[in-house]
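Observations on the model geometry
What follows is each chain in one-letter form.
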Amino acid sequence: MEFSWGIGQEYRRLLLSLLFLATWKVGSGQVRYSVPEEAKHGTFVGRIAQDLGLELAELVPRLFRVASKGRGDLLEVNLQNGILFVNSRIDREELCGRSAECSIHLEVIVDRPLQVFHVEVEVKDINDNPPVFPGTQKNLFMAESRPLDSRFPLEGASDADIGANALLTYTLSPSEYFSLEKPSYEERVKRLGLVLRKPLDREEAPEIFLVLTASDGGKPELTGTVQLLVKVLDANDNAPAFDRTLYEVKLLENVPNGTLVIKLNASDLDEGLNGNITYSFSTDILPNVKSKFYIDPITGEIMVKGYIDFEESKSYEILVEGIDKGQPPLSGHCTVMVEVGDTNDNVPVMEFKSLSLPIREDAPLGTVIALISVSDLDSSVNGQVTCTLSPSVPFRLVSTFKNYYSLVLDSALDRESVANYEVGVTARDGGSPSLSATASVSVEVADVNDNAPAFAQPEYTVLVKENNPPGCHIFTVSARDADAQENALVSYSLVERRVGERALSSYVSVHAESGKVYALQPLDHEELELLQFQVSARDAGVPPLGSNVTLQVFVLDENDNAPALFLPRPGVGAGALSQLVARSVGAGHVVAKVRAVDADSGYNAWLSYELQSAVGGARSPFRVGLYTGEISTTRALDEADAPRQRLLVLVKDHGEPALTATATVLLSLEDSGQAPKASSRASTGAAGAEAALVDVNVYLIIAICAVSSLLVLTLLLYTALRCSAPPSEGACGPGKRTLVCSSAVGSWSYSQQRRQRVCSGEGPPKADLMAFSPSVPDSGDREDQQPAAEDSLSKPRQPNPDWRYSASLRAGMHSSVHLEEAGILRAGPGGPDQQWPTVSSATPEPEAGEVSPPVGAGVNSNSWTFKYGPGNPKQSGPGELPDKFIIPGSPAIISIRQEPTNSQIDKSDFITFGKKEETKKKKKKKKGNKTQEKKEKGNSTTDNSDQ
């Protein structure tokens with residue numbers, strides 16, 4: 001006798017599902033394979049590399065790896081041929097239990113770039129498990145009074161396989177008393193049972209032995225058996241009966257212990273002890289049911305005594321017996337089906353599968369940083385998880401597969417702004433109330449060399465005293481690089497260029513690491529006033545980035561040059577100046593002039609002249625101008641004066657300490673009738689000399705007068721136009737009016753704006769030429785002023801701190817000076833006759849106009865100041881010639897002296913050149929006597945034209 005179940009709609013659906021899952025496909029980013037369980041080691045599963053579109057050569061470089069959550073190393077990939085094979089024993093029943101579908105989910109991860117593939121390997125069931133009964137023998141107690149067709153339930157066998165391999169067919173050994181019960185297909189719980197077909201007779205057969213065999217549908221089929229021992233009992237012929245044979249109860253998970261599940265009720269028609277029923281679980285009940293539930297034997301109440309978890313078991317089947325106390329006892333049976341309801345009691349679980357850290361700050365958008373898997377053991381909406389990112393981070397989550405997310409770059413990174421991100425990922429399920437879990441990952445941003453070293457300012461000014469020791473430290477440059485590590489390692493170097501005829505590296509050097517700048521040799525202010533160069537800062541990144549900074553090294557002057565004397569007549573004697581003087585000259589007459597120049601600047605180049613006392617303390621009839629070097633008489637000469645006068649003139653600068661030079665002046669006193677024609681300064685009234693030079697002087701006088709008249713007319717016309725024009729302020733505004741003056745007897749001065757124009761005006765910048773008439777007192781006035789002049793000359797005045805000096809026009813060369821190069825003083829409406837303003841606080845001066853000394857060492861400034869004190873006479877009126885003027889664009893200073901007719905003047909020099917021309921002339925070889933005589937003759941002729 002046999003029967004089978006599971007054939008019907010449910011069975012057909014199962015077969016269709018198995019056929020559908022038997023094939024593998026690639027779709028939605030997932031590859032499917034199938035493999036039978038219990039396959040041997042090395043069994044071929046599939047060409048996974050080929051199916052995923054990966055080249056065999058890139059498997060190892062891209063770190064091809066396979067991960068299987070909770071599945072160990074069941075499957076493995078051969079990296080040589082890309083084949084997925086069985087690595088260890090696969091037991092489907094161990095992996096999936098009774099589940100109809102059983103798959104191994106693999107995650108295939110490759111780097112460079114980071115990619116993830118999902119592979120599903122279906123484990124096919126084979127008939128490797130025979131049907132198993134709960135026990136090898138079951139004892140059944142039956143009263144002989146039981147009516148025919150009475151049913152006695154049996155516990156069926158179980159097969160760990162699925163599908164056709166789990167479809168069981170039961171057969172009962174031949175028996176005349178019993179047959180197997182055939183349950184209908186509509187019954188939810190299909191249970192075996194014995195049906196009594198023949199009345200029992202205890203006296204005839206007290207025990208009946210039966211064998212129940214279960215066979216599955218596998219090929220080959222497997223069987224399992226159980227021995228049934230039926231013991232026939234006497235008396236008590238009414239068994240307890242339940243209201244229903246099947247009870248269905250729904251119970252939420254996580255209910256507390258002691259919760260009532262159901263209360264059963266059974267009745268027995270017998271009386272007395274035969275009708276007294278006790279309740280118990282069937283002996284065939286599963287152990288996990290006994291651990292979860294408890295039944296009260298008296299009341300029949302089933303209560304919870306263990307932890308009910310939906311994720312552990314979704315339903316429980318409880319077999320209950322009701323046994324009376326008759327002899328023999330009779331029993332009734334029922335089944336309680338407990339359906340467990342899900343609650344949202346599981347927090348989502350997140351796991352970071354792979355991290356590609358750190359990430360470069362120049363990584364392109366969409367770069368995958370991490371793979372995140374989420375899971376929730378709950379079901380339905382309670383198990384649906386969504387992930388979100390913490391705000392204000394340049395990343396986003398991309399759902400790549402079910403419950404899988406990729407953390408990708410969403411916006412550009414800048415390590416210098418943010419070097420590290422703490423990215424928080426929150427997973428939240430759809431339950432009510434919802435549960436969430438948060439995980440964080442630290443994303444470090446790797447530096448890229450995208451910042452060049454930067455200096456605090458684009459240009460530095462460095463002041464260095466000349467004559468510095470070689471190798472001295474003069475400055476330190478420092479650049480900061482916002483990058484990190486080697487990208488921020490800055491090295492310094494010079495930007496090589498030529499300085500004159502020499503390389504820059506012969507002057508300075510820079511330490512590559514510290515940025516200290518050293519002067520390799522002593523610097524000379526007279527040779528090099530400004531050394532401008534660039535220092536380059538370059539980082540160690542790839543490719544390296546760099547920037548430059550400009551250093552302007554100004555060499556400050558020190559008093560390291562003594563005054564140098566100019567001797568117009570070198571043939572006379574070494575270090576001596578010879579001059580013939582007529583005895584008829586009056587007091588205050590200039591008989592000679594000592595010329596000297598100092599190569600230094602400022603105070604160090606400001607020269608003063610001092611006449612050394614004669615031997616024996618005798619008072620000399622001569623004196624020397626403190627700042628002009630002009631030697632003049634203090635009284636009228638007489639016959640008592642020695643015919644040869646030897647004067648020692650000490651030339652001293654104002655440096656600290658002061659340097660000096662001594663000039664020897666030899667004066668020969670001659671009577672007026674014996675004075676040579678060549679010495680026009682000794683005898684200006686000699687008629688013979690005038691007759692010899694008259695032809696030359698006429699042309700010179702005419703030329704000079706024409707030029708002077710033209711200049712004066714041009715100046716007057718220009719001044720009138722400027723004064724008549726209405727004042728206006730342009731985009732640049734009016735410039736500062738600056739007085740430009742010369743020696744003690746006035747000068748022509750030229751000032752031109754040399755700075756770059758910063759505004760657009762009408763026409764080119766204008767150069768102004770301003771003439772000052774000399775103010776020369778008569779001889780009587782000069783004699784009266786001699787004592788005061790001597791006192792004034794003996795003590796140098798304190799320089800006004802507002803005055804500045806010129807590095808190009810030195811003191812002591814006719815005391816010709818310039819003021820601030822950018823300033824222009826224009827004549828007022830009154831014309832040249834008006835009194836010129838005093839530039840600084842004036843004090844009474846013994847002479848008409850005094851050149852005041854410069855203060856300090858300045859750079860790129862041409863600044864002297866000429867002032868007229870309250871005691872100085874007013875400037876000469878128009879029509880009078882100035883004593884000096886400067887030709888624009890030329891280093892020459894033309895001197896034109898005006899002296900009374902009865903005085904003798906020094907006509908030694910007409911044109912005086914600046915420092916550079918004097919230095920060049922000093923270096924030239926001395927010319928012969930004939931050339932010198934011609935020069936003296938020309939000078940005399942020029943001086944005669946001045947008169």
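Residues numbered from 1 in each chain as written. Predicted model: local features only at pLDDT ≥ 70, side-chain atom pairs only at ≥ 80, totals over all residues. Heavy atoms only, no water.

An unreviewed UniProt entry lists the chain under the name Protocadherin alpha subfamily C, 2, with Phocoena sinus given as the organism. Listed in UniProt under the heading Subcellular location (unreviewed entry), the comment for the chain reads: "Cell membrane". (UniProt positions renumbered as here; feature names shortened; annotations may be inferred.)

By way of backbone hydrogen bonds, the strands of a sheet pair with one another, either parallel or antiparallel. The 3 strands lie next to each other as S11-S14-S13, forming an open sheet whose pairing is antiparallel. Each edge of the open sheet is held by one strand with a lone partner, namely strand S11 (151–154) and strand S13 (178–180). Averaged over all pairs of adjacent strands, the angle between strand axes in this sheet comes to 30°, irrespective of strand direction. Of the strand pairs in this sheet, S13 and strand S14 (residues 192–196) are connected by 3 bridges, and their pairing is antiparallel. Considered in S14, the bridge of Phe178 is made with Leu196. (Pairing = 2+ DSSP bridges. Helix = DSSP H or I, 4+ residues; strand = E, 2+ residues; numbered from the N terminus. Axes fitted to C-alpha atoms, helices over the stretch in contact; angles between N-to-C directions.)

Here we take up the packing of aromatic side chains. Under the criterion given, the structure shown has 9 aromatic pairs. With centroids separated by 6.0 Å and ring planes inclined at 55°, the aromatic side chains of Phe242 and Tyr279 adopt a geometry described as tilted. Taken as a pair, Phe242 in strand S17 (residues 241–242) and Tyr279 in strand S21 (residues 277–281) lie far apart in primary sequence, 37 residues in all. Comparing Phe242 with Tyr279, the two get one shared label, buried. Ring geometry for Tyr460 and Phe475: centres 5.2 Å apart, planes at 50°, overall tilted. Here Phe475 lies in strand S36 (residues 472–476) and Tyr460 lies in strand S35 (residues 459–465), a separation of 15 residues in the sequence. A relative accessible area of 12% means that Tyr460 is categorised as buried. One aromatic cluster is present, built from ring pairs that chain together Tyr603, Trp606 and Tyr627. Above the ring of Phe310, the side-chain terminus of Lys314 is found at 5.1 Å from the ring centroid. The side chain of Arg502 reaches across the aromatic face of Tyr507, ending 4.6 Å from its centre. (Phe/Tyr/Trp six-rings, centres within 6.5 Å; stacked < 30°, edge-to-face > 60°. Buried < 20%, exposed > 50% of the residue type's maximum accessible area, 1.4 Å probe, protein only. Lys NZ or Arg CZ within 6 Å of the ring centre and 35° of its normal.)

Another aspect to go through is the pairing of strand S38 (residues 490–494). Burial of S38 is one-sided: the residues Val490, Tyr492 and Leu494 facing one way are buried, the residues Ser491 and Ser493 facing the other way are not. Alignment of S38 against strand S43 (residues 530–539), held across 5 bridges, turns out to be antiparallel. Note that in S43 the partner of Val490 across the bridge is Asp539.

A separate point is the pattern of salt bridges. Taken as a whole and assessed by the stated rule, the structure comprises 20 salt bridges. Where Asp410 meets Arg396, a salt bridge forms, and the shortest distance between an N and an O atom there is 3.1 Å. Here the residue Asp410 occupies a position in the loop between strand S31 (404–409) and strand S32 (420–429), and Arg396 occupies one in strand S30 (residues 395–401), the gap between them amounting to 14 residues. For Arg396, a relative accessible area of 39% translates into the label partly exposed. Of the charged contacts, one joins Asp671 and Arg583 as a salt bridge, the two residues approaching to 3.9 Å between their closest N and O atoms. Of this pair, Asp671 sits in the loop between strand S53 (660–670) and helix H5 (687–724) while Arg583 sits in the loop between strand S46 (576–582) and strand S47 (590–593), and the two are 88 residues apart along the sequence. For Asp671, a relative accessible area of 36% corresponds to the partly exposed category. (Salt bridge = Lys/Arg side-chain N within 4 Å of Asp/Glu carboxyl O.)

We now examine the environment of Arg191. Within the secondary structure layout, Arg191 lies in the loop between S13 and S14. As for Arg191 and Glu155, which are separated by 36 residues in sequence, their C-alpha atoms are 7.0 Å apart.

A disulfide bridge is the covalent bond that connects two cysteines by way of their sulfur atoms. Tallied over the entire structure, the rule returns 1 disulfide. The disulfide bridge from Cys96 ends at Cys102, spanning 1.9 Å between sulfur atoms. The sign of the 70° torsion about the S-S bond sets the Cys96-Cys102 disulfide as right-handed. Taking relative accessible area as the criterion, Cys96 reaches 19% and is therefore assigned buried. (Disulfide = S-S within 2.5 Å.)

Moving on to the sheet that holds strand S4 (residues 44–47). Across the sheet, 3 strands lie side by side as S4-S7-S6; this open sheet has antiparallel pairing. Two strands lie at the open edges of the sheet, namely S4 and strand S6 (75–78), each paired on one side alone. Direction aside, neighbouring strands of the sheet carry axes that sit 25° apart on average. The pairing of S6 with strand S7 (residues 83–86) spans 4 bridges and is classified as antiparallel.

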